[in-house]
Amino acid sequence: QEKLVESGGGLVQPGGSLRLSCAASRNIFSINTMGWYRQAPGKERELVATITSRGITNYVDFVKGRFTISRDIAKNTVYLQMNSLRPEDTAVYYCNAEIIPGDNYWGQGTQVTVSS
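Summary of the structure given here. (Residues numbered from 1 in each chain as written. Predicted model: local features only at pLDDT ≥ 70, side-chain atom pairs only at ≥ 80, totals over all residues. Heavy atoms only, no water.)

1. Some remarks on the pattern of salt bridges
Overall, the coordinates contain five salt bridges when judged by the stated rule. Salt bridges sharing partners connect three or more residues here, namely Arg38, Glu46, Arg66 and Asp89. (Salt bridge = Lys/Arg side-chain N within 4 Å of Asp/Glu carboxyl O.)

Next comes the structure, spelled out in structure tokens:
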């Protein structure tokens with residue numbers, strides 16, 4: 001079992017920034033891949049960014065140059081720094097941990113609302 005606790009969501013104006021945090025209950029070196037997904041109302045959950053145990057990052061095209069995934073190994077925490085936020089970034093953001101391929105865990109989600 002793996003417990004993931006997200007924080008950092010909220011309401012921000014277009015062009016603003018937020019940083020999401022995802023705290024894992026185990027050493028994140030032992031987790032194959034951690035990532036952030038999001039789900040907007042009426043839409044399917046979609047990948048945003050991932051980071052592997054080796055620190056290799058991957059982003060979907062619509063966040064490249066705006067979002068940055070990073071980690072603090074000492075705190076077993078993964079972050080998603082979101083800059084230049086747009087109304088279309090509004091969604092519930094979920095942290096995911098793939099311990100090994102096929103063994104996935106999810107956080108409870110944190111709401112991000114981008115609106116003026």
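On we go.
2. Here's the deal with the state of the cysteines
For the structure on display, the rule yields one disulfide. Covalently, Cys22 is tied to Cys95 through a disulfide, its sulfur atoms 2.0 Å apart. An S-S torsion of about -80° defines the bridge between Cys22 and Cys95 as left-handed. Taken as a pair, Cys22 in strand β3 (residues 18-24) and Cys95 in strand β9 (residues 91-100) lie far apart in primary sequence, 73 residues in all. On the basis of relative accessibility, which here comes to 0%, the residue Cys22 falls in the buried class. (Disulfide = S-S within 2.5 Å. Helix = DSSP H or I, 4+ residues; strand = E, 2+ residues; numbered from the N terminus. Buried < 20%, exposed > 50% of the residue type's maximum accessible area, 1.4 Å probe, protein only.)

3. Here's the deal with the environment of Asn32
Along the chain, Asn32 falls in the loop between β3 and β4 (33-39). With relative accessibility at 31%, the residue Asn32 sits in the partly exposed group. Taking the C-alpha atoms as reference points, Asn32 and Arg54, separated by 22 residues in sequence, lie 8.5 Å from one another. Not counting the four nearest positions on each side in its chain, Asn32 is found in contact with Thr52, Ser53, Glu98, Ile99, Ile100 and Pro101. For Asn32, the side chain forms a polar contact with the side chain of Thr33, separated by 3.4 Å. (Contact = heavy atoms within 4.5 Å. Polar contact = N/O pair within 3.5 Å; in protein donor to acceptor, adjacent residues only side chain to side chain.)

4. Observations regarding the pairing of strand β8 (residues 77-82)
For a regular strand, side chains alternate in direction, first toward one face of the sheet and then toward the other. In terms of burial, β8 is a largely internal element, five of the six residues being buried. Here β3 pairs with β8 via six bridges, running antiparallel. Bridge assignment links Cys22 to a residue of β8, and that residue is Val78. Summarising the sheet, strand β7 (residues 67-72) and β8 pair through six bridges and their orientation is antiparallel. The partner of Ser70 across the bridge, within β8, is Tyr79. (Pairing = 2+ DSSP bridges.)

5. Quick look at the pairing of strand β1 (residues 4-7)
By the alternation rule, side chains of β1 split into Leu4 and Glu6, which are all buried, and Val5 and Ser7, of which none is buried. Sheet topology note: the β1/β3 ladder contains four bridges and is antiparallel. Bridging from a neighbouring strand, Val5 pairs with Ala23 of β3.

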